[in-house]
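The residues making up each chain are set out below.
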Amino acid sequence: HWSSPCVNMGVVLGRLAKQSLALDAYADALEREPGNPVAYFNLGTTLRQMGRLEDAAGALEDLLDLDPAFPRVRLALANVLGELELLDRARQLLEEELEEEPDNAACWSSLGLVHVCNGDAEQGEQCLLQALELDPYHFNAIQNLINLYVTLNRRQEARALLELARQLDPGRTDRILASGPQFGALAELSPE
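1. A closer look at the pattern of salt bridges
In step 1: All told, the structure shown has 9 salt bridges when counted by the stated rule.
In step 2: Residue glutamate 101 is joined to arginine 72 by a salt bridge in which the shortest nitrogen-to-oxygen separation is 3.0 Å. Taken together, the positions of glutamate 101 in the loop between helix H6 (87-100) and helix H7 (105-117) and arginine 72 in the loop between helix H4 (53-66) and helix H5 (73-83) put the pair 29 residues apart, joining distant regions of the chain.
In step 3: Between arginine 154 and glutamate 125 there is a salt bridge; the shortest N-O distance is 2.8 Å. On the criterion of sequence distance, the pair formed by arginine 154 in the loop between helix H9 (139-151) and helix H10 (155-168) and glutamate 125 in helix H8 (residues 121-134) is long-range, its members being 29 residues apart.
In step 4: Residues joined by salt bridges that share partners form a network here, namely Glu125, Arg154 and Glu157.

2. Observations concerning the environment of glutamate 33
In step 1: Within the fold, glutamate 33 resides in the loop between helix H2 (19-32) and helix H3 (37-49).
In step 2: Residues glutamate 33 and leucine 145, spaced 112 residues apart in sequence, show a C-alpha to C-alpha distance of 42 Å.

3. Thoughts on the confidence of the model for the chain
In step 1: Across the chain, the average pLDDT comes to 92, with 95% of residues at 70 or higher.
In step 2: Here helix H11 (residues 170-178) stands out as the element of the chain with the lowest mean pLDDT, 87, in contrast to H8, whose mean of 98 is the highest.

4. Examining the nonpolar core
In step 1: If you look at the biggest cluster of nonpolar residues, it comprises 38 residues, and the most contacted ones within it are Leu43, Leu60, Leu77 and Leu94.
In step 2: Looking at this core, the elements that each hand over two or more residues are helix H1 (4-15), H2, H3, H4, H5, H6 and H7.
In step 3: Setting aside chain neighbours within four positions, we find leucine 94 in contact with Leu75, Ala78, Cys107, Ser110, Leu111 and Val114.
In step 4: In terms of nonpolar packing, the next biggest core, distinct from the first, is built from 19 residues, Ile142, Tyr149, Ile176 and Leu177 among them.

5. Considerations on the packing of aromatic side chains
In step 1: Scanning all chains against the criterion turns up 1 aromatic pair.
In step 2: A centroid spacing of 5.4 Å and a plane angle of 40° characterise the contact between phenylalanine 41 and phenylalanine 70, whose relative ring orientation is tilted. Placement of the pair is phenylalanine 41 in helix H3 and phenylalanine 70 in the loop between H4 and H5, with a sequence separation of 29 residues.
In step 3: Since its relative accessible area comes to 19%, phenylalanine 41 is described here as buried.
In step 4: Owing to a relative accessible area of 13%, phenylalanine 70 belongs among the buried residues under this scheme.

6. Considerations on unusual backbone geometry
In step 1: Here the phi dihedral of alanine 17 falls at roughly 65°; this positive angle occurs in a residue that is not glycine.
In step 2: For alanine 17, the position within the fold is in the loop between H1 and H2.
In step 3: With phi around 65°, glutamate 85 is a residue other than glycine that occupies positive phi space.
In step 4: With respect to the helices and strands, the residue glutamate 85 is situated in the loop between H5 and H6.
In step 5: According to the relative accessible area criterion, glutamate 85 is exposed, its value standing at 65%.

7. Here we look at the layout of surface pockets
In step 1: When its volume is computed, the largest pocket comes out at roughly 410 Å³.
In step 2: Along the walls of the largest pocket sit 17 residues, with Arg48, Asn79, Ser110, Leu113 and Asn144 positioned nearest its centre.
In step 3: Taken together, the elements giving at least two residues each to the lining of the largest pocket come down to H5, H7 and H9.
In step 4: The leading source of residues in the lining of the largest pocket is H7, at 6 residues.

8. Quick notes on a nonpolar patch on the surface
In step 1: Side chains of Met9, Val12 and Leu16 sit close together on the surface and give an oily, nonpolar patch of about 280 Å² of accessible area.
In step 2: Mapping valine 12 onto the fold places it in helix H1.

Rules and cut-offs
Residues numbered from 1 in each chain as written. Predicted model: local features only at pLDDT ≥ 70, side-chain atom pairs only at ≥ 80, totals over all residues. Heavy atoms only, no water. Salt bridge = Lys/Arg side-chain N within 4 Å of Asp/Glu carboxyl O. Helix = DSSP H or I, 4+ residues; strand = E, 2+ residues; numbered from the N terminus. pLDDT = per-residue confidence, 0-100. Core = buried A, V, L, I, M, F, W, Y, C linked by side-chain atoms within 4.5 Å. Buried < 20%, exposed > 50% of the residue type's maximum accessible area, 1.4 Å probe, protein only. Contact = heavy atoms within 4.5 Å. Phe/Tyr/Trp six-rings, centres within 6.5 Å; stacked < 30°, edge-to-face > 60°. 1 Å grid on protein atoms, 1.4 Å probe; cavity = no way out; pocket = protein on both sides within 12 Å on 5 of 7 lines; lining within 4 Å. Points joined across faces, edges and corners; volume = space filled by probe spheres on them. Patch = residues over 30% accessible without salt bridge, like charges linked within 9 Å, V, L, I, M, F, W, Y side chains within 5 Å. Areas by Shrake-Rupley, 256 points an atom, 1.4 Å probe, with all protein chains shown as cover.

This is the structure we're talking about:
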């Protein structure tokens, strides 16, 4: 009836990029111990990695019902819901998480993206800047601000953030530049 070895096996299999086998391990863990919150969380995150967003949301909702205090379950669920374009519920979860943990840069970054996707660029920018105030090297917040500034035609600010992004992670920065024609004007910062 001990589920922890199954959860640990799932983690190892996930790190070996064997997600299907990891899912089996988490299912086995939940069969042995239906209330294992770590198994639910890992199941949800693995399903998200596999692109099975509805299933991931279901597993994370089950975890939230089971253990509302589980660390960062609201953030994980909100990110999945954001990908599913269920932005109002995502915003609600992020705001709840920030009530409990106001210094969580990842939550501020995700909340900023939700606001931007909802058409509120000003509020989105404020949340993203709050994320960077808490963690000046939070790459997702930097990336989201670059995208926002390019959209708003604020190229100077986008370029400054692009230089920081390149220092932090050149590979991811190159992928940002390659992700669309809107970054053409910023590509001049690319190393030759």
